[in-house]
Amino acid sequence: METIKINTDELARNILNTVGGTGNVLYSNVIEATNCMTRLRLRLIEKNEFMIEALKKIDGVLGVNEDGDEVQIILGVGRATTVTNAVNKILEATNNVKVGKVKIGDAQAVHDKIRAKNATPIKLFFKKISSIFTPLIPGFIACGLITGLVSCAIKISPELADEQIIKLLMIAGNAVFWGMNLFVGINAAKIFGGTPILGGVLAALMTHPALADVNIFGNAFVPGRGGVISVIIVAAFGAWLEKHLHKIIPEMFDLFLTPLVTVLMAGTAAIFILQPIGGALSDAIGSAATTAIQSGGAFVGFILAGVWLPLVMLGIHQAMTPIHVDLIAQFGVTILLPILAMAGAGQVGASIAVYFKTKNKLLKKTIASALPVGMMGVGEPLIYGVTFPLFKPFIGACIGGAFGGAVVATFTVGAATLGISGLPLAATTNNIPVYFLGLIVAYVVGFIATWFIGFDDPPET
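Keep in mind that this is a model prediction, so the values were computed, not measured. (Residues numbered from 1 in each chain as written. Predicted model: local features only at pLDDT ≥ 70, side-chain atom pairs only at ≥ 80, totals over all residues. Heavy atoms only, no water.)

Draft legend 1. Structural context of the overall build of the chain. The number of helices and strands found in the chain is 18 helices and 8 strands. In terms of C-alpha radius of gyration, the chain reaches 24 Å, essentially the compact-globule figure of 23 Å for 461 residues. Across its three principal axes, the chain shows a C-alpha extent of roughly 75 × 60 × 40 Å. Across the 461 residues that make up the chain, the buried fraction comes to 48%. Restricting the contact set of the chain to residue pairs at least 6 apart, pairs at least 24 apart contribute 72%. (Helix = DSSP H or I, 4+ residues; strand = E, 2+ residues; numbered from the N terminus. Rg over C-alpha atoms; globule rule 2.2 N^0.38 Å. Buried < 20%, exposed > 50% of the residue type's maximum accessible area, 1.4 Å probe, protein only. Contact = heavy atoms within 4.5 Å.)

Put into structure tokens, the structure is as follows:
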């Protein structure tokens, strides 16, 4: 398969020329340009079907997704960041964007109306939860891979466990999880509109080891009970309380009284009410996940992996992040992530089938660009650029993922990290051979299912 070399500046210019401007102002249609791991996200004043189709035909664009006023242009890992930087550089040079917002007319008002129209409470809630953990993903990846690689080395040579450098590496691998509650508390408070450090203080209060020495009214406190679920609940309450205190406390006392009252009131609520509630939720989630997989085995894995891609399309997958974190905190691994990772593997197999069956050169180029990152666990380019637009291969991908999930669930494979999938996740699992077996099964079944289901080959344009 032949890969494509893309000029970043030229790609950025082509994208901006396609989304255009309003009136005679160059690129004034762009409200803001940001990016995630794989996508350039453009918030636009106006968009239409012709614009979306034109974007899809640009060399280097792997797919396009719409979310309200936002157009998400799928470019792949690495390229998304460099192209976004180039786009913002062009926008700044043409004086159309200032701090991510256009200078013309009432563009922001238009944006706010569109945003409000397309937002739903559930969708906004999932986005908030996801936003809490997104900044932590590099830490999850680094620490998880360190832990996985060191564990592999110890399995090969058990005597290495006594080496001081190995002990130090194990500490490094556990670092992000050791500080997890603090990180989540800070981010959650920020996301919910409070002061970040107060969220961190409340998280520290709930996690402090000295809490175990306190016994009030016969209640023995458990440091860190409920993990990140408790922290999110308490940080959200603390942010809500802080915002209300700002309204009622006189301005001259606000600097001193608001943080004091917030910590005292939210901290009391956390220890006596919210942390026990979070602990009960955490225990229920952990018990449900482990019981379902241990008792249901292959059937549960088949269902979970089979429906995962549609859930990703709906955005519901964002709710799984705190569950993965909580499972790792309780058991040292998440047994859900390796199962769900098989959905991406099924999509790789389906896309390979499309590559060999299609006569469309542009589609072949798209697959050639997206397959490497797909195998590395970033499936969005294949979803939006290949399988979902053709739809039948999307079904084939779900079938492949389901069979891979059944294999992984049968042996209860767990992963010690999150934020990665595909081949890189193997090093963090507690059963590498079975995880690879699951990947191969998902690749093969996804390929076969797509080959026999077929698809309508798009004509050359």
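Draft legend 2. Geometry of the nonpolar core. With 85 residues, the main nonpolar core has I132, F133, F140, M180, V184 and Y435 as its most contacted residues. Of all the elements, helix α14 (residues 337–357) adds the most residues to this core, at 11 residues. A12, I15, L44 and V64 belong to the second-largest nonpolar core, a separate cluster that totals 26 residues. (Core = buried A, V, L, I, M, F, W, Y, C linked by side-chain atoms within 4.5 Å.)

Draft legend 3. Spotlight on a nonpolar patch on the surface. On the surface, F299, F302, I303, V307, F388, F391, I395, I399, F403 and I453 cluster together to form a nonpolar patch covering roughly 840 Å² of accessible area. Counting residues per element, the ones that place at least two in the nonpolar patch are α12 (298–314) and α17 (392–410). With 4 residues, the top contributor of residues to the nonpolar patch is α12. With respect to the helices, strands and loops of the structure, V307 is situated in helix α12. Accessibility expressed as a relative area gives 37% for V307, which makes it partly exposed. (Patch = residues over 30% accessible without salt bridge, like charges linked within 9 Å, V, L, I, M, F, W, Y side chains within 5 Å. Areas by Shrake-Rupley, 256 points an atom, 1.4 Å probe, with all protein chains shown as cover. Salt bridge = Lys/Arg side-chain N within 4 Å of Asp/Glu carboxyl O.)

Draft legend 4. Spatial organisation of the pairing of strand β4 (residues 70–74). Among the 5 residues that make up β4, 5 are buried, leaving the element largely enclosed by the rest of the structure. Burial of the side chains of β4 extends over both faces: E70, Q72 and I74 are buried on one face and V71 and I73 on the other. Two strands pair when backbone bridges link them, and strand β2 (residues 39–44) and β4 are joined in this way by 5 bridges, in the antiparallel orientation. Bridge pairing links L40 to I73 in β4. Here 5 bridges tie strand β3 (residues 63–67) to β4, and the two strands are oriented antiparallel to one another. (Pairing = 2+ DSSP bridges.)

Draft legend 5. Looking closely at helix α1 (residues 8–19). Taking 1.5 Å of rise per residue, 12 residues should cover 16 Å, and α1 covers 17 Å from first to last C-alpha, within 8% of that figure. Residues of α1 that are buried sit in contact with β1 (30–35), β2, α2 (49–56), β4 and α3 (79–93). The distance from a side-chain oxygen at the start of α1 to the backbone nitrogen of D9 is 3.1 Å, and the residue carrying that oxygen is N7. Note on α1: the residue one or two positions beyond its end, G20, has a positive phi of about 70°. (Expected span 1.5 Å × (residues − 1). Polar contact = N/O pair within 3.5 Å; in protein donor to acceptor, adjacent residues only side chain to side chain.)

Draft legend 6. Representation of helix α11 (residues 251–296). Along its 46 residues, α11 runs just 58 Å from first to last C-alpha, ending more than 12% under the 68 Å computed at 1.5 Å per residue. A bend of about 55° at A270 is the largest found in α11. (Bend = angle between axes of the 7 residues up to and from the residue.)

Draft legend 7. Region of the structure containing the pattern of salt bridges. Evaluated as defined, the whole model comprises 4 salt bridges. The residue R43 makes a salt bridge to E32 at a minimum N-O spacing of 1.9 Å. In this pair, R43 is assigned in strand β2 and E32 in strand β1, connecting sequence segments 11 residues apart. Judged on exposure class, the residue R43 and its partner E32 are both buried. Put simply, K47 and E66 hold a salt bridge, and the shortest N to O gap is 2.6 Å. Taken together, the positions of K47 in the loop between β2 and α2 and E66 in strand β3 put the pair 19 residues apart, joining distant regions of the chain. Look at E66 and you get partly exposed, because its relative accessible area is 41%.

Draft legend 8. Quick look at the packing of helix α10 (residues 227–248) against helix α13 (residues 320–331). Running from N to C, α10 and α13 cross one another at 130°; their axes reach a closest spacing of 7 Å. One element, α10, and the other, α13, form an angle in the oblique class. Where α10 abuts α13, its residues G227, V228, I229 and I232 lie against P322, V325 and D326. (Axes fitted to C-alpha atoms, helices over the stretch in contact; angles between N-to-C directions. Parallel < 35°, antiparallel > 145°, perpendicular 65-115°, else oblique.)

Draft legend 9. Quick look at the packing of aromatic side chains. The final tally for this structure, using the stated rule, is 9 aromatic pairs. With a centroid separation of 5.9 Å and 25° between ring planes, the pair formed by F237 and W240 is classed as stacked. You can see F237 and its partner W240 sitting in helix α10, 3 residues apart, about one turn around the helix. For W240, a relative accessible area of 45% corresponds to the partly exposed category. Among the aromatic residues, those joined into a ring-pair cluster are F388, F391 and F394. Looking at K357, its charged tip hangs above the ring of W451, at a distance of 4.9 Å from the centre. A cation over a ring is seen here: K364 above Y355, with NZ or CZ 4.3 Å from the ring centre. (Phe/Tyr/Trp six-rings, centres within 6.5 Å; stacked < 30°, edge-to-face > 60°. Lys NZ or Arg CZ within 6 Å of the ring centre and 35° of its normal.)

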